[in-house]
Amino acid sequence: MKKILIVDDNEFLRFTLTELLEDSGMDCLAVGDGIAALSEVSKGLYGLVILDLRLPGMNGLELLKKIKEINILIPVIMLSAYGDVKSVVEAIKGGAFDFITKPFDNDAMIRLIKSTLDLKLVKKIVVIPEI
Amino acid sequence: MTSQSKNKFTERFIRLDRNLPLEKFIPVAFLVFLLCIIILTIITFRNIDQHKTDLEKIDHSNKVLAQLEIVNYRLIEIPFNKRGYTITGDKTHLLKFDSLVIKVKADIEKLKSLTSDNPSQHNLVFSLDTLLSENISVLNNAISDTSVYDINTGKFSQNQTDAIKFISANLTEINEITDNLSLNEHSLLKNRIEEAAHINSVTQLFIIFAGIFSFTVIGLSLFISSNLIKNKNESENLLKKSYGELENRVSERTSDLKETNEKLQFESLVRIKAEHTIRESEQRFREMADSSSVLVWITDKDKQFTYFNKASLDFTGRTLEMESGKGWTEGIHPDDLNEYKKVFKNSFDKKIPFEIEYRLRSINEEYLWLLDKGIPRYKGSEFAGYTGSCIDINERKKNERFLKIQYDISKTLAESDSIKEASGNLLKNICRDIGWDFGIFWFADEKNEYIKPDYFWSEDEEDINLFSELYNDSMKFSKGMGFTGTIFKEGKSMWTKDVSTDTSFLKIEGLSKKGWNSGLGIPISNGKETIAIIECFNKKNIEEKQDLIDVLESAGRQIGIFIERKKAEEKLKILYLEMEEKVKERTAELAQALSKLIQEGEQKEIVQNKLKLFSHAVKSIKDSVFITDLENNTIFVNEAFELTYGYYLNEISGKEIPLFSDKNISPVLRTYINEKTMKSGWRGEMTTYKKDGTSFPSYLSTSYIRDENGKVNSLVGICQDITEIKNVEEELRKTNEILIETQNELIYNEKLAALGRFSSGVAHEIRNPLANISSLSQLIAKTVLDEKNKRRLNYIISNVEIANKIIKNLLNFATPESLEFSNVNLSDMLNGVLDGVEARCKSSNIKIEREIPEDMALLNLDKLKLENVFMNFIANSIESMNSGGTLKVKVIEDKYKNEVSINIADTGIGIPEGNLDKILEPFFTTKDDGVGLGMGLSYQTIKLHKGKFNIKSAVGTGTEINVKLPIKNRTE
């Protein structure tokens, strides 16, 4: 099973999530900002990224874009304290796979991660202009 | 003009034809035309060819792109298959991997061939090929390495990891190259499409040009050739025609010459004959003329008289030699000579006939009147002079003179107003007409005893002076005294040829001294006796002419009658003047009386006009005007009043004015207005009623009217319809209300926005720790715990949920979620809510009253949200009635206003007035466990439904909430 990358600025939540995932037998790494996250993603070792929407400096949506530039095939689950429809739509448009609000149900979180990891992603097809 | 221009045109064509014969022109034109067609066709073909190659190029680019896509796809699939084999050891993966490798290689080969014409693309494909080969070799090596994957640890060996890293690096590069390839190909493709489109349009343009050009050339050559043929034919015809004309003319001229020759011979014969005849006829004419009694004369063409007949010479007693030339004109009376010369010369110059009367001296020295007629004479066509004849018209002339005398006298008498005026003119006219030089008018005195000179006339002023001396005022003749006295006495005319020999002339010395010879006296009689005499004198000795005397005597009688009549008229005139004087006096008296009357009349009219003006003004005023007596009985109402109220003057005259008599007017108001009016007038607004019972607001202004003695005798009122003013006021009031409402809403929205910004910040900060608490609690809950700790943990978890819910509500309040509409039965919904609280009410001793209609139309609403709203209101009501009460829910469907009104009333503790404004504000609550968001959220939901919210409350009485929801427009 591939490694999971957690990106959240809240130190306690990084701890909680790592505990939760490791308890479920998953391999994961938690980072606190966008730059660290990007350097990790470019290593090409991660099968999933859990990304907080609100981050210091580079916000979640910007980071999502950068991650997708590095590896479009990597699935991203967004984590948010807002829970409003607008930011959900923005994130899905930006290529996020799914979305979960804080506080969350532990079991629901684990279910979502597992089902995401099983997914196979297909690259977009280049459209040939008509003559 | 047209034919001329046509000729010019023809000439031009003939010239053209001469320079460039038609037979040569047509083949040349066709050759040029064919050449043009061939050139255009070649260009067109070339363009089409170019277009074709362009299309092929485009197709080629498309193929390259498609090929690239396939390669791209396979490149991704290769490592997957390889990894599949590595992990599972399933050979099918390996087979697939191998076939993919072969396919990719083939594809690359195809790409190579496709891009062979483009060196840069070709190089890119080569580098792609190299990278791919490297990848495949690495992958093959990895396959042969069997100790790569440790199933136990689930990890790859270092070798494998390195290989994967290498491949992924290579893949990135490959991706870049393919991207470059497709980009290049796209730009190529774009250029080619543009080029193709450009060539396509150029080709079309060429084809159109070629078409237009060929048609123009064909048309032009056809036109020119047809014209050339036509003109050639025309000019041939013209030539033929002019040749024929020339031949005709030559033959005509020959015959003309012949004819002229014959004519000339004939004419010379005729002329000889005519001369002979003329000579003969002249002789005969002279013989004839000499035997005529009429005076005949002939002139030559130089105005010289050449012939007078015998009668003429006998008349003047002169010889032909004396008369010839212009000798005879010596005999013309000097007075007529100039006129004759003028007429003769004018006529002669113009060669027209003339007629003139003149006096010619006869053989016995007497001038006799002749009528001379002359006509131009021609010899052949040549003017030869005049021939003329004269007739004796003496008798006629004399008669004319007498007639003139008669006429002049009659005219003078008719034109004269008095005897004095008439006598002067008469004397002058008579003397002139008979051609005598001097005249005296004698008048008899009133008693007819004497006759006195009254008036003298002469052409010569000196003569008058002389006679005035001779016949001064003291001079008078009695009857029978001298020449005049004899006429006075006898009443007969007298004529004397020579006064000097007439002894009856008393003043003979004076008269003869001045050379007077002939004298003539004509009596003027009134029928009984002579009352006046006219005397004329002439310096010549003139024989008595009885006919002249007859004429003058008859004129004398006429004058006599005139004088008598005038005398009578004068008497009458005096009488008339007297009468007139009297009439004038009376007229003046009358005029004075009349002017007095007129003055009085004018004053009256001014007053009447003023009255008219006032009455018109009152009539045309658009406001209702009425006049009553002191008891409010109608005297007058204007047209506006009649039209406005429907009461007509003739039906209400004398009755109480309907404005006050209407049953709707209170007697108190009527009395009040009347009292005020009598004091100083009243003005104010009141409702007035029309005959048909309808009413409208009006502004009434009343006042009393004083008569000329200052006594109040009537009342006047002006009533203005102020419905429109009222409407405007009402509209203003409403607008103001809406404005205030909008303002409140704006303030509320502003507050809400601030709250939104604040709460979304807070929410994030709180939710992070909440998530930690929640997650960790859940983790602990999974471990083995005793019951006590399990319960504690569950409390933690549920409290986190409560906190989260508060945050959620807060967020919702600040940034409300959009509504989800569905068709909802409002009555079912409200009944459901009430059913849910029924048990609770029973226990709290609360009675529920429902007034909810069953068959309500479906409304388009967000069911869940509105249910929460009503639930919230009803729960608040129940809580306010701790010690029991009544909850009343009433629903009214107002189809006219297009809205549903929901009323929820309780008999609870009520809300203090100071709190009523704050209940909608977030976090305002009076409950111990309330958050203070419920009312605010409910209000917001109602607003989102475009509804209205209203709350009334009083402490101790209860609270009433009213919600109005629109029936339509809910889908927006």
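Here the structure is shown first, and the text comes after it.
Described below are features of the structure shown in this document. (Residues numbered from 1 in each chain as written. Chains lettered and ligands numbered in written order. Predicted model: local features only at pLDDT ≥ 70, side-chain atom pairs only at ≥ 80, totals over all residues. Heavy atoms only, no water.)

### Quick word on the packing of aromatic side chains
Residue and element names in this part refer to chain B.
Then comes step 1: Under the counting rule described, the total for this entry stands at 27 aromatic pairs over all chains.
Then comes step 2: Here F344 and F354 contribute two aromatic rings whose centre-to-centre distance is 5.8 Å and whose plane-to-plane angle is 85 degrees, an arrangement assigned as edge-to-face. One end of the pair, F344, is in helix α8 (residues 334-350); the other, F354, is in strand β5 (residues 354-361), and ten residues separate them in sequence.
Then comes step 3: Note on F383 and Y386: the rings are 6.0 Å apart at their centroids and 75 degrees apart in plane angle, and the pair reads as edge-to-face.
Then comes step 4: Among the residues examined, Y386 registers a relative accessible area of 0% and is labelled buried.
Then comes step 5: Taken together, the ring pairs connect W297, F305, F308, W328, Y340, F344, F348, F354, Y358, Y378, F383 and Y386 into an aromatic cluster.
Then comes step 6: Taking the ring centre of Y450 as reference, the NZ or CZ of K476 above it sits at 4.5 Å.
Then comes step 7: Stacked on the ring of F488, the Lys or Arg K479 has its end atom at 5.4 Å from the ring centre. (Phe/Tyr/Trp six-rings, centres within 6.5 Å; stacked < 30°, edge-to-face > 60°. Helix = DSSP H or I, 4+ residues; strand = E, 2+ residues; numbered from the N terminus. Buried < 20%, exposed > 50% of the residue type's maximum accessible area, 1.4 Å probe, protein only. Lys NZ or Arg CZ within 6 Å of the ring centre and 35° of its normal.)

### Remarks on the sheet that holds strand β25 (residues 958-966) of chain B
Strand pairs in the sheet, formed through backbone hydrogen bonds, run parallel or antiparallel to each other.
All names here are of chain B.
Then comes step 1: What the five strands build is an open sheet, ordered β20-β22-β23-β25-β24; its pairing is mixed. Pairing within the sheet leaves two strands with one partner each, and these edge strands are β20 (846-851) and β24 (948-954). Sheet twist, expressed as the mean angle between neighbouring strand axes with direction ignored, is 10 degrees.
Then comes step 2: As judged from the six bridges shared by β20 and strand β22 (residues 885-894), these two strands associate in the parallel manner. (Pairing = 2+ DSSP bridges. Axes fitted to C-alpha atoms, helices over the stretch in contact; angles between N-to-C directions.)

### Regarding the interface of chain B and chain A
Then comes step 1: Taken together, the contact pairs 29 residues of chain B with 26 residues of chain A.
Then comes step 2: If you sort the residues of chain B by the area they bury against chain A, H764, N772 and L779 of chain B come out on top, with a joint share of 22%.
Then comes step 3: Between chain B and chain A we count two salt bridges in total.
Then comes step 4: A salt bridge links R54 of chain A to E765 of chain B, with the shortest nitrogen-to-oxygen separation between them at 3.3 Å.
Then comes step 5: Put simply, chain B and chain A have ten residue pairs in polar contact (both at pLDDT 80 or more) between them.
Then comes step 6: Counting residues per element, the ones that place at least two in the side of chain B that touches chain A are α2 (22-88), α5 (158-291), α19 (723-782) and α20 (787-814) of chain B.
Then comes step 7: At 16 residues, the largest contribution of residues to the side of chain B that touches chain A is made by α19 of chain B.
Then comes step 8: Tallied by class, residues from the side of chain B that touches chain A come to 13 nonpolar, twelve polar and four charged. (Contact = heavy atoms within 4.5 Å. Buried area = accessible area lost by both parts, 1.4 Å probe. Salt bridge = Lys/Arg side-chain N within 4 Å of Asp/Glu carboxyl O. Polar contact = N/O pair within 3.5 Å; in protein donor to acceptor, adjacent residues only side chain to side chain. Nonpolar A, V, L, I, M, F, W, Y, C, P; charged D, E, K, R; others polar.)

### Examining the nonpolar core
One broad rule of soluble globular proteins: the nonpolar side chains tend to lie buried together.
Residues and elements named next belong to chain B.
Then comes step 1: Core analysis: the largest hydrophobic core is formed by 46 residues, its most contacted members being L826, F870, F873, L887, I902, F949 and V963.
Then comes step 2: Top element by residues in this core is helix α21 (residues 826-844). It accounts for seven residues.
Then comes step 3: Setting aside its immediate chain neighbours within four residues, L826 contacts M856, L859, L861, F870, V891, V900 and I902.
Then comes step 4: Ranked by size, the runner-up nonpolar core spans 32 residues in total, among them F443, L520, I549 and I563. (Core = buried A, V, L, I, M, F, W, Y, C linked by side-chain atoms within 4.5 Å.)

These figures capture arrangement, not role.
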